[in-house]
Amino acid sequence: MDILFAEKSNREVIELKPETVKDLAIQDIVDNISDNETEMLVLRDILTKIPKDIRDMQYRQDIMKDLMENDQLVEGLTEAAGLIRTLRDLGSTKTRRMNNDSSLYTLLEDLRELSVYVQVTEMIYRCLKENNVKSDGLKIVLREMENVVSDEKFEIAKQDIETMLDKLSNVRGAIVGVNFTPDLNVEEVMSVDFVPYRIKSKFKFAEFGAFISAVNQTAMATNSAGRPMPNVHVVDPLLVTMTPLIEKHMKRSYVKIKMMMNKYVKLDRMSITELFEGILYYLTMVKFSKRLKKEGLEICMPVLEESDDNSVSMELKDLYNVRLFFAGEKNIVKNDFRFSPEENLFILTGPNRGGKTIIEQAIGIISIMAAGGCFVTASSFKGRPFANILTHFPIDENLTINYGRLGEEAVRIKEIVKESDSKTLILFNETYSTTSSSDGLYLSKDLLHILKKKGTAAIFNTHIHEVARAIDEMNEWEGRSRFVSIIMEIKDNKNTFKVKRSEPDSCSYARNIAEKYGITYEQMLED
């Protein structure tokens, strides 16, 4: 059971290239949305894989809307997500059975897993039923959970679990004395005192071992990069140490308990654990949306529309780059932007630090978030997100040692053009800026010529103003779309960070830079 793809979906995605992820600062965004490592890994994985089918985008968006409109639903699924994580950490009962592990330790873990499974299934069912979900995705989950909890076998399982818990011990609780090492590994169990009453604690007896196991799993099960490894089973030292003491209380019932456990070996935990990444993704993004709203920033849910032909139309109003919010910018400038089959090739010019890269990143990030079924940082979004985004931003000079800067650009551009189509957006940032103006103009025109023929959308951010001045000539080339010259506006020799249609104004840009660094004739004369 999955809540990231619609029913009968082919589940096809296009994974963003590492260069695009880096150039659009996706990791920086993920780092600022969450400080939980698991959430960060899930967010990055989902955001960087764009669904090919717009129905999958709409499917996700509808689930996101359900959550954004209902705080109680968010609270209920947040609690359920914690139990699903526990269920995942407990591992696969089936795998352990296949390994012929029939120890007491395994029985205890099986029981704990069954107990959590029953608890989380009922919790998700009640949460979805009581909150009147509207999205197809959550309705499907509700229907599946209802089928499970209404089954007579489920009720029998609940009763048997309670019976097994009783048979595991004659007592209702245990007080455990444990010594830990400095890194929270169990050093030794000093005592296990059984008592005839339930312990009032954060953890139930059957779940306490799962907590200790999780602590040790975090500390021990890491890869070479220091990140937790998924699905790694770590022996729980607390339960191992306690086993001989507990076994005394259930030795006579061991065979009966084992027979009961065998009835539930095939119980489908996967139907629950498969929900984990999806639930975590939606909850994290909803939490982020509330954070933006609290700061007074506008967001909206995209109106997704598929075009009749094989092209992309996208109209954005009041868009802004979310990275400005992370940077603490108080006066974030907003812009409008529109792609259509007739106008999807833009030559962008303007001064350094005038906002060219910021606007390019903003458009790429918004398209990615819309494709992921999320809200976007704009007041309005209408159309279809791009199926793929490719970027050509400047790279570290150390990486150009084999080809030189121009050679490196040529190799990357060839691959970018090869991958592009009419549903692709390419963001260029100072491409061919290290060569002469005449050479840069020649190379840029050839590049833009093939993109026009292919119908690929592009924003060509450049200091080579002659490219923008050649627009009339370039619009005569084969291809449906026309080129448009846009600039980052300057008023009174100050950057406004607003985008407008206009031919480049080289003198204005130069004057702006000169004044900023105090090198105009008048400024130097005063010195």
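Relevant structure appears above.
Here's the deal with the nonpolar core
Ile124, Tyr281, Met285 and Phe339 are the most contacted members of the largest nonpolar core, which totals 107 residues. With eleven residues, helix H7 (residues 104–130) is the single largest residue contributor to this core. Dropping the residues within four chain positions of it, tyrosine 281 is found in contact with Leu4, Val42, Leu43, Ile46, Leu47, Met64, Gly372 and Cys374. Judged by nonpolar contacts, the second largest core, of 22 residues, contains Phe428, Tyr432, Ala458 and Phe460.

Describing the sheet that holds strand E12 (residues 457–461)
Taken in spatial order, the six strands of this open sheet run E10-E11-E12-E8-E13-E14, and their pairing is mixed. Both outer strands of the open sheet, strand E10 (388–392) and strand E14 (494–501), are each paired with one neighbouring strand and no more. Averaged over all neighbouring strand pairs, the angle between strand axes comes to 20 degrees, with direction disregarded. As paired strands, strand E8 (residues 343–349) and strand E13 (residues 482–491) are joined by six bridges and run parallel to one another. Bridged to threonine 349 within E13 is isoleucine 487. Relative to strand E11 (residues 424–429), helix H16 (residues 356–371) is tilted by about 160 degrees, and along the sheet it contacts E8, E10, E11, E12, E13 and E14. On the sheet, helix H18 (residues 437–454) packs against E8, E11, E12 and E13 and is oriented at approximately 165 degrees with respect to E12.

Looking at the side chain of asparagine 344
Along the chain, the position of asparagine 344 falls in strand E8. On the basis of relative accessible area, asparagine 344 is assigned to the buried category, the value being 6%. There is a polar contact of 3.4 Å between the side chain of asparagine 344 and the backbone oxygen of glycine 455. Here the side chain of asparagine 344 touches serine 481 through a polar contact of 2.7 Å, side chain to side chain. The residues touching asparagine 344, leaving out its near neighbours within four places in the chain, are Phe339, Gly455, Thr456, Ala457, Ala458, Ser481 and Arg482.

Cut-offs and rules
- Residues numbered from 1 in each chain as written.
- Predicted model: local features only at pLDDT ≥ 70, side-chain atom pairs only at ≥ 80, totals over all residues.
- Heavy atoms only, no water.
- Core = buried A, V, L, I, M, F, W, Y, C linked by side-chain atoms within 4.5 Å.
- Buried < 20%, exposed > 50% of the residue type's maximum accessible area, 1.4 Å probe, protein only.
- Helix = DSSP H or I, 4+ residues; strand = E, 2+ residues; numbered from the N terminus.
- Contact = heavy atoms within 4.5 Å.
- Pairing = 2+ DSSP bridges.
- Axes fitted to C-alpha atoms, helices over the stretch in contact; angles between N-to-C directions.
- Polar contact = N/O pair within 3.5 Å; in protein donor to acceptor, adjacent residues only side chain to side chain.

Interpretation note: all reported values are geometric properties and have no functional meaning in isolation.
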